[in-house]
Structure formats: structure tokens, C-alpha cells
Amino acid sequence: MVLDVLLAQGELTWEDYQNVQVPGRALYTNARQLLDLVYAKGVDTCGIFFAALKQVLPEVQGAGFSSLSSCSNVEEKEETHGTSAQTLLTQRPSLIYKLQDCIDGALKALVQSGHFTSADFDPVQLPIYTPTQQARRLLDLVRSKGESAAAAVLQYIHQKQEAGSSLNEEKLTPPKEVLKYQKKLSSSVCAQSCFLSTYGGTSHMSLDDIYTEGQLELAHECVDVQGPLGLEDIVGTVGTVNEEADTVLVCGEAGSGKSTLLQRLHLLWARGAALQYYLLLFPFSCRRLNSEQRELSVQELLFQHCCWPDREQEEIFQFILDHPHLILFTFDGLDELKQSFSDEHRLCCPTQRAPVHILLFNLIQGSLLKGVRKVVTSRPEAVGPVLKKHLCKEVLLKGFSPNGIDCFVRKHHSDPTVAVKVLESLQANTALLGLCHSPVLCWIVSQCHKELLGCGEGSPQTITDVYLMILQHFFQRQSPPKSTVRLGWQQGHLETILHLGQLAFEGISTTCYIFSGADLEKCDVTEKDICMGFLTQSKDMSSSHSKCYEFLHVTMQCFFAALYIVLSSHTDRYAIPKLFELQELRDTGVSSMCFRSCLPSTDQEEQIVDSEHAVAETPNLQITATFVSGLLSQRHQSLWLHCCSTAMVEKKARQVARCLSKGMQKHFKSIPQPVQGEKKSMHAMPGFVWLIKCIYEMQESRIAKEAMSKLQVDHLKLTYCNIGPVECTALAYVLQHLRNAVGIQLDNNSVGDVGVEQLLPCMHICKSLYLRNNNITDEGIHKLIAKVIQCDNFQKIALFNNKLTDACTQHFSHLLKTRQDFLSLRLGNNNITEEGAKQLAEGLKSNHSLKHLGLWGNKIGDVGAEALASALENSDTLLWLSLVGNGVGSEGAYALANIIRNSTSLEELWLTENCITRAGVECLIEALEHNTHMKSVWLRNNDLSLEEVKEMAQRESRLTF
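Rules of the game
Residues numbered from 1 in each chain as written. Predicted model: local features only at pLDDT ≥ 70, side-chain atom pairs only at ≥ 80, totals over all residues. Heavy atoms only, no water. Pairing = 2+ DSSP bridges. Helix = DSSP H or I, 4+ residues; strand = E, 2+ residues; numbered from the N terminus. Axes fitted to C-alpha atoms, helices over the stretch in contact; angles between N-to-C directions. Contact = heavy atoms within 4.5 Å. Phe/Tyr/Trp six-rings, centres within 6.5 Å; stacked < 30°, edge-to-face > 60°. Buried < 20%, exposed > 50% of the residue type's maximum accessible area, 1.4 Å probe, protein only. Lys NZ or Arg CZ within 6 Å of the ring centre and 35° of its normal. Arc of directions from axis to C-beta. pLDDT = per-residue confidence, 0-100. Core = buried A, V, L, I, M, F, W, Y, C linked by side-chain atoms within 4.5 Å. Salt bridge = Lys/Arg side-chain N within 4 Å of Asp/Glu carboxyl O. Lys, Arg positive; Asp, Glu negative; His and termini not counted. Polar contact = N/O pair within 3.5 Å; in protein donor to acceptor, adjacent residues only side chain to side chain.

## Overview of the sheet that holds strand β1 (residues 216–218)
So, step 1. The six strands lie next to each other as β1-β6-β2-β5-β4-β3, forming an open sheet whose pairing is mixed. Looking at the sheet topology across the chains shown, the edges are occupied by β1 and β3 (280–285). Taking each pair of neighbouring strands and ignoring which way they run, the sheet shows an average axis angle of 20 degrees.
So, step 2. As judged from the five bridges shared by strand β2 (residues 247–251) and strand β5 (residues 373–378), these two strands associate in the parallel manner. Considered in β5, the bridge of V250 is made with T377.
So, step 3. Those strands touched by helix α15 (residues 258–270) are β1, β2, β3, β4 (327–332), β5 and β6 (391–397), and its axis lies near 155 degrees from that of β4.

## Quick word on the packing of aromatic side chains
So, step 1. Per the stated rule, a full pass over the model turns up 27 aromatic pairs.
So, step 2. Seen from their ring centres, Y277 and Y278 are 5.6 Å apart, and the 80 degrees between their planes marks the pair as edge-to-face.
So, step 3. Residue classification places Y277 among the exposed positions, given a relative accessible area of 53%.
So, step 4. An angle of 45 degrees between the planes, with centres 5.5 Å apart, marks the rings of Y467 and F559 as tilted. Here Y467 is found in helix α26 (residues 463–478), whereas its partner F559 is found in helix α31 (residues 554–567), with 92 residues between them in sequence.
So, step 5. Exposure remark for Y467: the relative accessible area of 2% places this residue in the buried category.
So, step 6. Residue classification places F559 among the buried positions, given a relative accessible area of 0%.
So, step 7. Members of the aromatic cluster, joined through ring pairs, are Y467, F474, F475, F515, F534, F551, F559, F560 and F627.
So, step 8. A cation over an aromatic ring shows up here: R826 above the ring of W880, its NZ or CZ 4.7 Å from the ring centre.

## As for helix α48 (residues 918–928)
So, step 1. Among the residues of α48, those classed as buried are G920, V921, L924, I925, A927 and L928. Down the axis of α48, the buried set is contained in an arc of 160 degrees. They therefore lie on one face.

## A few points about the confidence of the model for the chain
So, step 1. For the chain, per-residue confidence averages 84 on the pLDDT scale, and residues scoring 70 or more make up 85% of the total.
So, step 2. Taken as a whole, residues 66–81 scores under 50 in pLDDT and shows 28 contacts with residues more than four places along the chain or in a different chain.

## Regarding the nonpolar core
Soluble, globular proteins show a tendency: their nonpolar side chains are buried together.
So, step 1. In terms of nonpolar packing, the biggest core is built from 268 residues, with F282, W640, M763 and F812 touching the most fellow members.
So, step 2. For this core, the element with the most residues is α31, which contributes twelve residues.

## Section: unusual backbone geometry
So, step 1. Non-glycine residue L275 carries a positive phi angle of around 55 degrees.
So, step 2. Checked against the element boundaries, L275 lands in the loop between α15 and β3.
So, step 3. Although it is not a glycine, N722 sits at a positive phi angle of roughly 55 degrees.
So, step 4. N722 sits in the partly exposed class, given a relative accessible area of 38%.

## Brief notes about the pattern of salt bridges
So, step 1. Across all of its chains, the model carries 35 salt bridges by this definition.
So, step 2. Residue D246 is joined to K374 by a salt bridge in which the shortest nitrogen-to-oxygen separation is 3.8 Å. With D246 in the loop between α14 (231–235) and β2 and K374 in strand β5, this residue pair connects regions lying 128 residues apart in the sequence.
So, step 3. Residue class for K374 comes out buried when judged on its relative accessible area of 0%.
So, step 4. The structure contains a network of salt bridges with shared partners spanning R287, R288, E336 and E550.

## Remarks on the side chain of D332
So, step 1. Here D332 lies in strand β4.
So, step 2. Although buried, D332 forms no salt bridge, and the nearest oppositely charged side chain, K258, lies 6.8 Å from it.
So, step 3. Of note is the side chain of D332, whose polar atom sits 2.6 Å from the side chain of S259.
So, step 4. Those residues within four positions of D332 in sequence are excluded, and the remaining contacts are K258, S259, L262, F284, S285, C286, R287 and T377.

## Description of the sheet that holds strand β19 (residues 959–960)
Paired through their backbone hydrogen bonds, the strands of a sheet run either parallel or antiparallel.
So, step 1. Here we have eleven strands laid out as an open sheet, ordered β9-β10-β11-β12-β13-β14-β15-β16-β17-β18-β19, and parallel in their pairing. Two strands in the sheet have a free side with no partner beyond their single neighbour: β9 (681–683) and β19.
So, step 2. Sheet topology note: the strand β13 (residues 796–798)/strand β14 (residues 824–826) ladder contains three bridges and is parallel. Bridge pairing in β14 places K796 opposite S824.

## Quick look at the side chain of E394
So, step 1. Mapped onto the elements, E394 comes out in strand β6.
So, step 2. What makes E394 buried here is its relative accessible area of 12%.

As C-alpha cells, then:
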């Protein structure tokens, strides 16, 4: 496109263009040729080149060229009165855009006018060309045919525009064979999607009956998004940050519902209930693609792995190449692919064969089938910066909301009385309720309702507790009632545990999630073991001659791998240390090699160590380590008394404790020394949160105390760490043992009301709490304030961008009245109105300590501003007040002027983006004449003319416009 702009501007000749754009030559060689050519043409051409780059690159990438291109703007020249051939050059960029989706129509028009023959079609419509490349080839060919051909193609474009029909929306009637294939494909997708496929499709649950929406959010802030995201928003344009990219990433932790979400999308498309803009949808499972050993072309990938056309395969594939914007691909579980994402191996030809992962990576980055929309799911650990630069947007799937948990449980139980009892049990155990925000754990709890309701005070507290509960549930379901002994179920099924455990362990070690009959035989897995229900047949991979199996869920495989590590005497004695060292080994690319060395020697010899696999499998190894911690806790060691020697279990438990202590100390040692005058701060990495969760699973306060005794910081930063209610429970369990009070920053996570409740046990060591953008409502604030009002250390809170309303202000008012040492309250970008401001004012009247009050982005208006001003006008502690973007007018400014006039402490007042007029500013200026210690009043973007701004800025230098 840069070449097209330079050609249109007359900076390049046609010969220059052809010398740079040499077919078959490497892109970087073409780029160097272009740079040399532009440099040789002088300063003006260089300026236009940088401006062209800024125009065609995404905003983020093009930002760096702004200063370089300031001298030259690329604006399309007005249509000249010269020849049609000249117009093809001067209008080339826009003509390419207009023609790219109607190549067929333009070719037919040129044939009808006698300028083209059918032989001219092939050079334009080669399958290796994208639509924009086809448009370029068409314009090049038309130019070579002369003036009359150029006039004919321009007339075709003009006629389309005159008819009021957008060329990009040209009505398309797909060929008959494509429509037949669409019917077959949708039928196949519908059959695969109508029953819940995750958790082994247990009991053939209808997806319609059980599907419950999870919480979807954009990974970045977007002002255009109002309310929660829906399913169709995933593939829609909302939240797009890179318009040149075609891939959407749906990111979520293990068990957050990514596969089920895609399954729901597939079903809605197949039924014609959603995504009808897409004519064809091709669903792929990365887990299944792992098993593909052959090199394939894109055509073979589509038809062999999704749905085989009965006839006219070439015609159907050509339609896909010609109309990529009508096609949707989904790739589930990128994190389960054996190779981690790379854009080093470029492939542009859709007919060329290559390993499946190379095809997948080139589809994602747009080198293959540019224009096809791709939706990819993955866990966050597998998503690096190399992948992110090829995304048009990233969507976060954050599990169930509290209402979602309620809805799922009620859908899962046909008997309403059972559902009510389960929900009552969850409400009575907030730790378990926090776990149920993960759909897979919510399913386990619902599935094991009898065990849950019968456990009394021994209700599950940790993730390990929940998985032990389902282990017991499945085993007792298969055992005769009279033979079921509550404390003996694990001993009676030890062989099955070890068989499945070895299978899971070797699979996790080698990034294998689908197992053949030979794999099962190697681990002595019998038909009886299969019948227990932990393995399910992988239908897509099975044939009439052989069956393939997979665990109900990847977390179930991790759990059995952990059981094997704990109970087997055949694992290497270094298995546990190596498992916990993976976080630090991850960066070196040798974690895969180290953990595979824990396999028996005969297995090691069979493994081909590939460092590309290391990152992809690390998340599952971390989950396995978390389960190992829980299984070796003192609470659960009694379960294994008759399964293996007590000495072995105790030895492994000591290993885990040492590993956790060592891991925490390494994090603490990495804390940099503070800059002089600043507080010592630790920015925790995801590996730190993982270690905290492992300590919590062990449920041993001794280990938590020992770990926290070494942490000497003033501020603990845990932003963007995927912290939800489960992580909050673990954090509170460990952080409560800190010796000194700290500031805790949890901005941009998924804490929610349940997570806030889980944090309460550690509030006594918290002096400041930052919870920006965490989906917290008034209910969560009610519980939080009731706790922190009793905590002497607590002095600051920030809750920007949550879901707070006027109802929460009564609690903050009570806090302000009660605590005369409270320093900072920031409630920006919520839904607080004048009524809330009045409520806060009641508390402020009685408070004599507050230094910072932030209410930007609310709706308090003049009435609210007047109420606050009345409460604060005699404050001798307030230093900073922000009412940015609150609809405050001149009446509010009059009232706020009294604070400036009377306060002996206020230094900064922020009134940006309001509707204050000259009269209001005059009042502020008059008040400033009586205040010499006030530093600044911010007034940008109010109802003032440029002349008024200039005049008032000269009169009062402390006004910032």
C-alpha cells in the first residue's frame, strides 16, 4: 500500500514500482530496495514516504512516524481532468479499496466491453493472491491495455456508485456447490455442538439446557463499549485496536469456559441464529491438530479436519480464496499446541504443504488467507508479544459472575430443591463460592452435590478439596453400595489411580492430551479404569479400528498427574523440585527437558526434546504443582496412609515446603532497592501468585508465616495478574502473616464482590487498597467498609472504574465520620450522582484528616459540587480535589471558589471537562487572589472561547487551560 500511495503521488515512476515489487523476491529485499530508492529521491520523497507509512500502519505502530511526517500530509489528490490512465495512478489507493471485493464484476464488465478476454482472468485471479493483490493486478493489466480500458473500469466503478450500491457490499450469490457445502458443514457443526463437549459431554447434557454466559471484557479500555460484551461482539468490530489484523484472541484461565463459549458460537451459527454474515465456519481443536503428523495445504486442512465436500472441492476452495471476508475460522486451545507461536516461518501460498502448526501460525498472522476472521482461544500464559502484534483485539473470559453461578447451578439440577440447597451451601462457604467462579469447578460442585451437602463443616476450601470430592464421587458411583467405605475409597481404587496417574503424568510431561490404545496399554490402563468415567472417548480422533481417549478436562489430567507424583514410588526423586523450578527455567527454554527427565529412563530415550514445547506446557505443569501441594498437605496425608509409605509422603511434603520457601525467597531477592525518597515496592509477577496459591493449597500457616517473614516492602503491586476470587482467598491466607502494614494494589484484575470478601482476613495489615477496574458493586463495598473501619492501619482506598452507585456513599460517609486518620478516597469513573455527593458531604463535615478526594467521571453536577464545597470550605487538611467530567457548571464553580478562598491546605483543584463558563472562572480568579498557597486550578475543556482562555491565563498563571 505504501508503494501505491507513492505511485499515486507521483513520487515513483511505473518503472520504479516494478523494480521494487519483484514477484517471488523476499519481502525484506523489496523493503530495502524501496528504502534505497526513496532516499535517493531526496527529502520531499522521504517525508511523503513517512506520511504514507503512518497512513497505512495501525495507529500503535504508526505513532513513531508522527514527528518525521509532520512536514507532509498524504491526502488523495482531487480527481484530475487528465486521462483515465492517469486517474488509475493518482487514485490508485482508493481504487484498490473499492475493487477488492468486486473483482469478478469488474472482469465481466471489461469482457463485455471487449477490452478483456477470458485469458486475462488467470493473471488476476491466481489463488495465491489476496483480494487487494488481485485489485492491484487488475489495475496493472488495465493500464497496459490502454486509455479505453482504463475508462471502462472507471465507468464500472462510477455506475456502481451512481446506483447507490457500495462496491464493498456488492450482493453475492454463492455458487450452487458452495451452498450445498454450507448446508453440509452447518449440519456437521450443529451435530458436534448440540451437546456439551467439555467435561466429557457428561450425561449428554444439551448445550441449550446448560449453557451459561461468562463474563467477557476487552483486554484494553474502550470508550465505545457500553455494558457487557455479547457473543457476537467477539467477532464484531467493537474494541478493535488493529484494523489490519484479522485474529481475535479469547483469553482465559484453565476451566474458565473458553471451549464451551466457542461451542455456543458454533451452534448459533449452524442454526442460523447468529454470525450470519459468515457463509462458512471452520472449527479446529489445537489438541486434535497436535496428532496430525502429515504436511498439509490449507485446502487439505479445511476439508480433512472439518468437513469434506462431496464434489467440486476446487471450486469451493476457490470461493473461499475469493471471498475471505465471508469465512470464519475458530482455533480452540492454542496453549495446548505442542509448538509455541512464532512468526519466523512465513508461508503465503495456500496450495503449498507445510506442518500443521506452520499453517496455523500463518493463518493467525494473516500471511495465509488474509481477510478471513479467526477466533483463537488460549490461556494467558501462552500469549506473548509476538502473537499480540497480530491481533485485531483481545477479549478476556473471566468465568461466571455471582448471577452466573446461580444460573448454572439451577440449570444443572432438574430438582429445584436440590439447587437451592447447593446454593445455600455455597453462600455459607465464601471460599467455595469463590472457587465456583471457575465454570469447571462450578460443574464439579454441582456434580458432587450429595457429597457437598453431606460434608457438614468439612466443606471444601481449596481446589484440591474440590477435585478430591469428584474423585470420591466417581469411584463411589461405580462401587456397590455395601462395599463403599467413606475412608477407604482411595485404597480400593489405588490401581486405577496409579494407572490413570501415569498416563496423565506422561501426557503432561510430553504435551500429550489425546491417548491411543497403545498409550493406555503402556500404562496398564484397563477397561475397568476407563469405565470409572475420568477418561472419555475422543470421537474426532477415533476410528472403527482404534479408539482414542482424553481426560474429562485438562485440569483433571493435571490432578491425576499430581496423584501419580505423590503416590508412585517410580517417579524420580527430583520430580517435585524440578516441577517447582519450572517458573525460573521457563525463560531458559529448558523446562520441558528438565521435567521429562523425571520419566523412567526407557521413556526418556523415546522423547525428542524440543525447546519450542516448553512454554506451551508450563501452565499445566504449574496446575499440577498446585495439586501436588494440596495433596501433600497435613489435612490430606491421612488419605494416603494405606496407599503408600508414610515416610515417602512426609518426605515429599518436606520437598514441597522447601521448594515454596526457596521460590518465595528468590522473588524477594529480586526486589530492587527503592529510589531515595520513595517507598520500597514489589511488583509481583504471575509466578509469585502461583506460589501463593500453592502455599494456600497446603493450608499450613507455618509455611505462610515463614514466607511472609522475609517480605520487607511498603507496597505490593499485583496489577494485571489475572486475580479473581480464588486468588484473593490465597492472597489473604498468606498476606495476613505480614509483619508490617503494606499498600496492596490489585488494579485491573477480576476481584469482584466475592473477591473483596475473600480479602477481608488480611485487611488488618493493609494501609492502602487499590482496586481500579475490578467489577466491584455497592454490595462488596458494604462488606469491605464494615471490616476496614475496624483496622487501624487502613488509610487509603482507590476504586476507579467499578460499578458503584449512590448506595455505596453512605458506607464511605460512615467511614469518614468514624476514622479521623483516613487520608485518601478516590471513586472516579463510577455512577455517583448529586445524591451520592450529598451523602459523602455528611461524612466530610465530620472528618478532619482527608487529604485527597477524587470523584472524576461521575455525575454530581452543580448540586453535588455545592454540597461538597459546603462540607470542605473550612478544611485544613485537604490537598487535592478532582471533580473532572462531572457536569459542573458555573453555579458549582461559585461554590467551589469558597474552598479556595477559605481553605488553608488545598493545593490542586481539578475541574477539567466540565461546563464552566466565563462567569464561573471569574469567581475562581477572585478567590485565588485571597489564596497564595494554591498551586493550580485545572480548567481544560470547559465552555470557554479561545480568546477567553488566553485572556484569563494571562490574568492568573495558576489557571491551567
